[in-house]
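This is what each chain is made of:
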Amino acid sequence: MNPIWSWLSLWSNKEDQPESEQDQGGEPPSEEPPQQEPPQGEATPELAATPKQLEIPLPLQPGPVLVDVQGLTLDESERERLKHPLVGGVILFSRNYQSPEQLRALTDEIRAARSGPLLISVDHEGGRVQRFRNQGFTPLPSMQALGEYWDTNPLWAMRAATEIGFVLASELRACGVDFTFAPVLDLDYGVSTVIGTRSFHRDPRVVTMLARALIQGLAQAGMAACGKHFPGHGFVDADSHIAIPVDERELEEIMVEDAMPYEWLSDMILPAVMPAHVIYPKVDEKNAGFSKIWIQKILRQRLKYKGMVFSDDLTMEGASVAGDIVARANAALSAGCDMVLVCNRPDLADQLLNGLDIEPKPESTQRLLRLLPHYVFMNWEQLQADARYQDAREFQHSLFSK
């Protein structure tokens, strides 16, 4: 047996350790002196202090909706949208980028618009899905290129994946971006045009090993990862952005191939997952992102996954089967998603925020907070002088610039 495969046996789904509760200490509150009632016939002063008036507003906790912004800076409507209690994050696109300095100013502006934490994210995988490409951002190879390198030199490919993950996350964090929706864990069956070169390999073992190495690189820069598209998008040709893909395979065929990277990595390595807008009719008539069978019964119970679950973009054609934007969000959240994405349609984002009647779940809020970086990172100028970053750039450039 190839010793590399034996490493997989070292990974197992570990139960989360219970978090220790903080002791609540301090002095007992002092008793308030009795308040004198105003004499009869006198009106109570309108400005009299009451306990409610003396409360200091707490920062907003992040909600279950992730929205986007349209330009290089925020407009007033976007500032107001970010204050909505149901908003919990922002996703950025190429239209939001001009330079590292401008991007940093935008992320600072986004944070200043809300009195509480927000997850600032992007789809930044490498290859053809890399939102920020010029003015200093490193061109990154596709994940398929890493898989091809694995076929000739697996251990060097794993190191390359770690270096690429570190460069990717370092550049984003230096610009104030917290999180990327990567890596793609779909298998390369050679049929999906939307996945294509975004996939590491056809073999789920190779996908797992390279994904783990890339996630290690992300973590070295303080960034969490998101595996997509559970349980697998690679077997169908249709693009869920513009169509409704259907995968006719049996459940166990999917589980022993496409779903294996999720089981091998688990939430100990992979803190977030995004389901596919794909229908698997032999499992459920609903697409995976709207399916309690896929999210709760299979992902949560069978695979014992305890991490964050994001819906894919609810404006995609693959999500249209659930109805209007409010119905789509309700379907995803009811199925077990912790957060829903609404991209490229600010009108639908507002419609959702005005129409969604839901209280954020405490467990979903905690999962989201765990994805936020836990320490301050270098700025762009400091990053350019960092030896670790420069070594990683030179290493990946030496392998994939030919």
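The structure contained in this document is the topic of the report that follows. Everything numeric here is computed off the predicted structure, so don't read it as measured data.

Comments concerning the overall build of the protein
And step 1. A tally of helices and strands in the protein yields 15 helices and twelve strands.
And step 2. Burial analysis of the protein (402 residues in total) assigns 52% to the buried set.
And step 3. Long-range contacts, defined as pairs at least 24 residues apart, comprise 78% of the intrachain contacts of the protein with a sequence gap of at least 6.
And step 4. Approximately 19200 Å² of the protein is accessible, and the part contributed by carbon and sulfur atoms is 52%.

Quick word on the pairing of strand 1 (residues 65-68)
And step 1. Side chains of strand 1 alternate between two faces, with V65 and V67 and L66 and D68 buried alike.
And step 2. Note that the unit made of strand 1, helix 3 (residues 76-82) and strand 2 (residues 87-92) has a crossover that is right-handed.
And step 3. In this structure, strand 1 lies alongside strand 12 (residues 339-341), joined through two bridges in parallel fashion. Of the residues in strand 12, the one forming a bridge with L66 is L341.

Quick word on helix 15 (residues 387-400)
And step 1. Spanning 14 residues, helix 15 covers 20 Å between terminal C-alpha atoms, matching the ideal 20 Å at 1.5 Å per step.
And step 2. Looking at helix 15, one finds that the buried residues are Y389, A392, F395 and Q396. Down the axis of helix 15, the smallest arc covering the buried residues is 130°, so these residues share one side. Residues A387 and E394 are exposed on helix 15 and point more than 90 degrees away from its buried face.
And step 3. The secondary structure elements touched by the buried residues of helix 15 are helix 6 (154-174) and helix 14 (380-384).
And step 4. The N-terminus of helix 15 is capped by D386, whose side-chain oxygen sits 3.3 Å from the backbone nitrogen of R388.

Overview of empty space enclosed by the protein
And step 1. Taken as a whole, this structure holds one cavity of 30 Å³ or more when the rule is applied.
And step 2. The calculated volume of the largest cavity comes to roughly 100 Å³.
And step 3. In this structure, the largest cavity is lined by 15 residues; those nearest its centre are P64, D338, P360, K361 and S364.
And step 4. For the lining of the largest cavity, the leading source of residues is helix 13 (residues 362-369), giving three residues.

Thoughts on the layout of surface pockets
And step 1. Volume-wise, the second largest pocket comes out at about 350 Å³.
And step 2. Together, 23 residues line the second largest pocket, and D123, R131, H241, D312 and M316 are the ones closest to its centre.
And step 3. Tallied by class, residues from the lining of the second largest pocket come to ten nonpolar, five polar and eight charged.

Overview of unusual backbone geometry
With glycine set apart, most residues show a phi of negative sign, and most peptide bonds adopt trans.
And step 1. Cis geometry is found at the peptide bond from A182 to P183, where omega equals 10°.
And step 2. Here P183 shows up in the loop between strand 6 (179-180) and helix 7 (204-220).
And step 3. With an omega of 5°, the peptide bond between K228 and H229 qualifies as cis.
And step 4. Checked against the element boundaries, H229 lands in strand 7 (residues 226-230).

Regarding the side chain of D267
And step 1. Tracing the sequence through the fold places D267 in helix 9 (residues 260-269).
And step 2. Within the buried core, D267 has no salt-bridge partner, and the shortest N-O distance to an opposite charge, that of K306, equals 5.2 Å.
And step 3. Here the side chain of D267 touches K306 through a polar contact of 3.2 Å, landing on its backbone nitrogen.

A word on the packing of helix 5 (residues 143-150) against helix 6
And step 1. Where helix 5 contacts helix 6, the two axes come as close as 7 Å, and the packing angle between them is 155°. Between helix 5 and helix 6, the angle is such that the two are roughly antiparallel. Along its contact with helix 5, which presents L146, Y149 and W150, the element helix 6 presents P154, W156, A157, M158, A160, A161 and I164.

Remarks on the packing of aromatic side chains
And step 1. Scanning all chains against the criterion turns up 13 aromatic pairs.
And step 2. Measuring from centroid to centroid gives 6.0 Å for Y149 and F400, while their planes differ by 85°, and the two rings are edge-to-face. Placement of the pair is Y149 in helix 5 and F400 in helix 15, with a sequence separation of 251 residues.
And step 3. According to the relative accessible area criterion, F400 is partly exposed, its value standing at 23%.
And step 4. Between the aromatic rings of Y189 and F235, the centroid separation amounts to 5.0 Å while the plane-to-plane angle is 90°, which identifies the pairing as edge-to-face. Within this pair, whereas Y189 is found in the loop between strand 6 and helix 7, its partner F235 is found in the loop between strand 7 and helix 8 (251-255), the two being separated by 46 residues in sequence.
And step 5. On the accessibility criterion, F235 (34% relative accessible area) is partly exposed.
And step 6. One residue, R173, lies across the ring of Y375, its end atom 5.0 Å from the ring centre.

Details of the sheet that holds strand 6
And step 1. Overall, parallel pairing links the eight strands, which are arranged 6-3-2-1-12-11-8-7 in an open sheet. Two strands close off the open sheet at either side, each with one partner strand: strand 6 and strand 7.
And step 2. Of the strand pairs in this sheet, strand 2 and strand 3 (residues 119-122) are connected by four bridges, and their pairing is parallel. Across the sheet, residue L92 finds its bridge partner in strand 3, namely V122.

Reading guide: rules and limits
- Residues numbered from 1 in each chain as written.
- Predicted model: local features only at pLDDT ≥ 70, side-chain atom pairs only at ≥ 80, totals over all residues.
- Heavy atoms only, no water.
- Helix = DSSP H or I, 4+ residues; strand = E, 2+ residues; numbered from the N terminus.
- Buried < 20%, exposed > 50% of the residue type's maximum accessible area, 1.4 Å probe, protein only.
- Contact = heavy atoms within 4.5 Å.
- Areas by Shrake-Rupley, 256 points an atom, 1.4 Å probe, with all protein chains shown as cover.
- Right-handed = clockwise from strand over helix to strand, strands pointing away.
- Pairing = 2+ DSSP bridges.
- Expected span 1.5 Å × (residues − 1).
- Arc of directions from axis to C-beta.
- Polar contact = N/O pair within 3.5 Å; in protein donor to acceptor, adjacent residues only side chain to side chain.
- 1 Å grid on protein atoms, 1.4 Å probe; cavity = no way out; pocket = protein on both sides within 12 Å on 5 of 7 lines; lining within 4 Å.
- Points joined across faces, edges and corners; volume = space filled by probe spheres on them.
- Nonpolar A, V, L, I, M, F, W, Y, C, P; charged D, E, K, R; others polar.
- Lys, Arg positive; Asp, Glu negative; His and termini not counted.
- Salt bridge = Lys/Arg side-chain N within 4 Å of Asp/Glu carboxyl O.
- Axes fitted to C-alpha atoms, helices over the stretch in contact; angles between N-to-C directions.
- Parallel < 35°, antiparallel > 145°, perpendicular 65-115°, else oblique.
- Phe/Tyr/Trp six-rings, centres within 6.5 Å; stacked < 30°, edge-to-face > 60°.
- Lys NZ or Arg CZ within 6 Å of the ring centre and 35° of its normal.

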